[in-house]
Amino acid sequence: MPKKILVLNGPNLNLLGRREPEIYGRATYADLEREIHAAAARWRLAATVKQSNHEGVLVDWIQAADGEFAGIVINPAAYTHTSVAILDALKAVALPAVEVHLSAIETREKFRQHSYISPACLATITGHGFAGYDEALALLAAKLVTN
Ligand code: CA2
């Protein structure tokens, strides 16, 4: 049975392809979901992909992942830069987690350069667009064979 990975996307990522194409590209959120499922299958993983605009919903999903999933990929979007609640939830479940950002947050506005989430993640991938999710899944696949 392929190991199950929870892929979480935060606020406004459902708008992908509709605004700011110079930063986030022209592909839509549905395209992203398709690419994540294809990447997961390549790494012999099964992805469940969810998006929410609400911090507490993301926290609830992280808590519920305990015992259900082998790892988490998360793009917390704007909550990256504000959310101790998501940091605490990831620490509480202690599942291997990888943080992904489509854009290179380290080269953008000062307020985007700090992540509250990184300390709970085994890696943070930035600036690789949709391919970042594939890289995150590859890292989890490698981590999970050795566990
Ligand atoms: O680069 C990323 O993946 C981000 O997590 C995206 C977030 C941003 O707040 C983070 O600083 C970096 C924003 C996601 C919003 O995406 C949109 C896509 C299209 C149109 C409007 C927003």
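Structure first, text after, so check above.
The structure displayed is predicted, hence computed values, not measured ones.

S.K.: So what's going on with the packing of aromatic side chains? Residues and values would help.
M.R.: Applying the stated rule across the entire model yields 0 aromatic pairs. Positioned above the aromatic ring of Phe-69 is the side chain of Lys-4, whose terminal nitrogen or guanidinium carbon lies 5.1 Å from the ring centre.

S.K.: Report on the nonpolar core, specifying residues and quantitative values.
M.R.: Membership of the largest hydrophobic core comes to 26 residues, with the highest contact counts inside it found for Ile-5, Val-7, Ile-36, Val-73, Tyr-133 and Leu-137. Elements supplying a minimum of two residues to this core: strand S1 (3-9), helix H2 (29-42), strand S2 (45-51), strand S4 (97-101) and helix H5 (131-145). If one sorts the elements of this core by residue count, H5 sits on top with 6 residues. Excluding its chain neighbours within four sequence positions, the residues that come into contact with Val-7 are Ile-36, Ala-47, Thr-48, Val-49, Lys-50, Val-73 and Tyr-133. Within the second largest apolar cluster, 20 residues are counted, among which are Leu-58, Ala-65, Ile-86 and Leu-90.

S.K.: Now, about the site of the ligand: what can you tell me, with residues and values included?
M.R.: Looking at the ligand, there are 17 residues lining it, with Asn-75, His-81, His-101, Leu-102 and Ser-103 nearest. One of the side-chain N or O atoms of Ser-103 is found 2.5 Å from an oxygen atom in the ligand. Protein chains shield 95% of the accessible area of the ligand, which is 500 Å² for the free molecule.

S.K.: Outline the pattern of salt bridges, supporting the account with residue identities and numerical values.
M.R.: With the rule as written, the count across this model stands at 5 salt bridges. The salt bridge partner of Glu-109 is Arg-112, with a shortest N-O separation of 2.8 Å. Each of Arg-108, Glu-109 and Arg-112 takes part in salt bridges that share partners, so that together they form one network.

S.K.: Before we move on, can you summarise unusual backbone geometry with the specific residues and values?
M.R.: Positive phi, close to 75°, is recorded for Asn-12, a residue that is not glycine. On the secondary structure map, Asn-12 appears in the loop between S1 and helix H1 (21-24). Of note in the backbone geometry, Ala-77 takes a positive phi value of approximately 50° without being a glycine. Its place among the elements puts Ala-77 in the loop between strand S3 (71-75) and helix H4 (84-93).

Each value, and the rule that gives it
- Residues numbered from 1 in each chain as written.
- Predicted model: local features only at pLDDT ≥ 70, side-chain atom pairs only at ≥ 80, totals over all residues.
- Heavy atoms only, no water.
- Phe/Tyr/Trp six-rings, centres within 6.5 Å; stacked < 30°, edge-to-face > 60°.
- Lys NZ or Arg CZ within 6 Å of the ring centre and 35° of its normal.
- Core = buried A, V, L, I, M, F, W, Y, C linked by side-chain atoms within 4.5 Å.
- Buried < 20%, exposed > 50% of the residue type's maximum accessible area, 1.4 Å probe, protein only.
- Helix = DSSP H or I, 4+ residues; strand = E, 2+ residues; numbered from the N terminus.
- Contact = heavy atoms within 4.5 Å.
- Near = heavy atom within 4 Å.
- Polar contact = N/O pair within 3.5 Å; in protein donor to acceptor, adjacent residues only side chain to side chain.
- Areas by Shrake-Rupley, 256 points an atom, 1.4 Å probe, with all protein chains shown as cover.
- Salt bridge = Lys/Arg side-chain N within 4 Å of Asp/Glu carboxyl O.

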